[in-house]
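Descriptive analysis of the structure
The chain contents come next:
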Amino acid sequence: MNIFRLLPVLPLLVFANSALAACGSLLDFEAQKLRSDESVNFCSNFENKVLLVVNTASNCGFTPQFEGLETLYRKYRDQGLEIVGFPSNDFFQEASSEAKTAEVCYVNYGVTFTMLTPGPVRGSDANPLFQQLARVTGSAPSWNFNKYLIGRDGQAIRHYGSRVKPLQSSLEDDIVESLKR
């Protein structure tokens, strides 16, 4: 192969590699939005944002946390907070259809933050983002509504269990601190 044929492509390869490096490997992930054909590219959508990733379920005792998560989102989104919900039936408490999941989120709780299509979040079947979050934080979801805070630099900051409420908690304190950076 002639090396000169690669020269025009070289800047594109360098740019693509530097864009990924700027984003970080944790955010090198794409998923489909709930009840939509639209996909969410985490690198382009959440770069330089503070991101809260939550595994959710429609029929769980912690499902009312959607209300607190939405309040948290509205309170801090203009400062750079994004929240992404990952519905999952890993704990057998997710609705039987995507339409019902969307109804719980959008109608019952008025969620406006990003919700994705249901899928696994723990074990070997977990999506790549949750596999990385479990590895980096040392904590895979032990139940629904586990939360993972990711800083503006694309690095995981901390894992929070189901019992940690979105508001007036260590989670909110850490979000406020992260937004200052």
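Below, the structure is looked at part by part.

**Brief notes about helix H5 (residues 128-137)**
One turn of an α-helix holds 3.6 residues; hence residues three or four places apart share an orientation. If you check which residues of H5 are buried, you get Leu-129, Phe-130, Gln-132, Leu-133 and Ala-134. The inward-facing, buried residues of H5 contact helix H2 (42-46), strand E3 (50-56), strand E4 (81-87), strand E6 (147-150) and strand E7 (156-160). Of the residues that open H5, the one with a side-chain oxygen 3.0 Å from the backbone nitrogen of Leu-129 is Asn-127. At the C-terminal side of H5, Gly-138 shows a positive phi close to 80°.

**A word on helix H3 (residues 65-76)**
Look at H3: 16 Å from first C-alpha to last across 12 residues, which is about the 16 Å you get at 1.5 Å a residue. For H3, the set of buried residues is Gln-65, Phe-66, Gly-68, Leu-69, Glu-70, Leu-72, Tyr-73 and Tyr-76. Taken together, the buried residues of H3 touch E3, E4, helix H4 (98-108), strand E5 (114-115), E6 and helix H6 (170-180).

**Focus on the pattern of salt bridges**
With the rule as written, the count across this model stands at 6 salt bridges. Where Lys-33 meets Glu-38, a salt bridge forms, and the shortest distance between an N and an O atom there is 3.7 Å. Residue classification places Glu-38 among the partly exposed positions, given a relative accessible area of 43%. With a shortest N-O distance of 3.8 Å, Lys-100 and Glu-103 are connected by a salt bridge. With Lys-100 and Glu-103 both in helix H4 and 3 residues apart, the pair spans about one turn of that helix. Overall, Lys-100 belongs to the partly exposed group, its relative accessible area being 35%.

**A look at the packing of H3 against H6**
Across the interface, H3 lies against H6 with an axial gap of 12 Å and an inter-helix angle of 20°. Judged by the inter-axis angle, H3 sits roughly parallel to H6. With respect to the hand of their crossing, H3 and H6 are arranged in right-handed fashion. Packed against H3, whose contacting residues are Leu-72, Lys-75 and Tyr-76, the element H6 presents Glu-172, Ile-175, Val-176 and Leu-179 at the interface. Residue composition of the contact of H3 with H6, by class: 5 nonpolar, no polar and 2 charged.

**Topic: the packing of aromatic side chains**
Within the structure shown, the criterion is met by 10 aromatic pairs. Consider the rings of Phe-42 and Phe-46, whose centres lie 5.0 Å apart with planes at 80°: the pair is edge-to-face. Separated by 4 residues within a single helix, Phe-42 and Phe-46 lie in helix H2, roughly one turn from each other. The two residues Phe-42 and Phe-46 agree in class, both being buried. Arranged with centres 5.1 Å apart and planes meeting at 45°, the rings of Phe-91 and Trp-143 form a pair that is tilted. A residue pair is termed long-range when its members are at least 10 positions apart, and Phe-91 in the loop between E4 and H4 and Trp-143 in the loop between H5 and E6 qualify at 52 residues. Members of the aromatic cluster, each reached through a chain of ring pairs, are Phe-29, Phe-42, Phe-46, Phe-86, Phe-130 and Tyr-148.

**Some words on the sheet that holds E6**
Strands sit in the order E5-E4-E3-E6-E7 across an open sheet of 5 strands; the sheet is mixed. Each of the sheet's edge strands pairs with one partner strand only, and the pair in question is E5 and E7. When E3 meets E6, the two strands line up antiparallel, connected through 4 bridges. Note that in E6 the partner of Val-53 across the bridge is Tyr-148. Across the face of the sheet, H3 comes into contact with E3, E4, E5 and E6 while running at roughly 155° to E4.

Reading the values: the criteria
Residues numbered from 1 in each chain as written. Predicted model: local features only at pLDDT ≥ 70, side-chain atom pairs only at ≥ 80, totals over all residues. Heavy atoms only, no water. Buried < 20%, exposed > 50% of the residue type's maximum accessible area, 1.4 Å probe, protein only. Helix = DSSP H or I, 4+ residues; strand = E, 2+ residues; numbered from the N terminus. Contact = heavy atoms within 4.5 Å. Polar contact = N/O pair within 3.5 Å; in protein donor to acceptor, adjacent residues only side chain to side chain. Expected span 1.5 Å × (residues − 1). Salt bridge = Lys/Arg side-chain N within 4 Å of Asp/Glu carboxyl O. Axes fitted to C-alpha atoms, helices over the stretch in contact; angles between N-to-C directions. Parallel < 35°, antiparallel > 145°, perpendicular 65-115°, else oblique. Left-handed = near helix turned anticlockwise from the far one by under 90°. Nonpolar A, V, L, I, M, F, W, Y, C, P; charged D, E, K, R; others polar. Phe/Tyr/Trp six-rings, centres within 6.5 Å; stacked < 30°, edge-to-face > 60°. Pairing = 2+ DSSP bridges.

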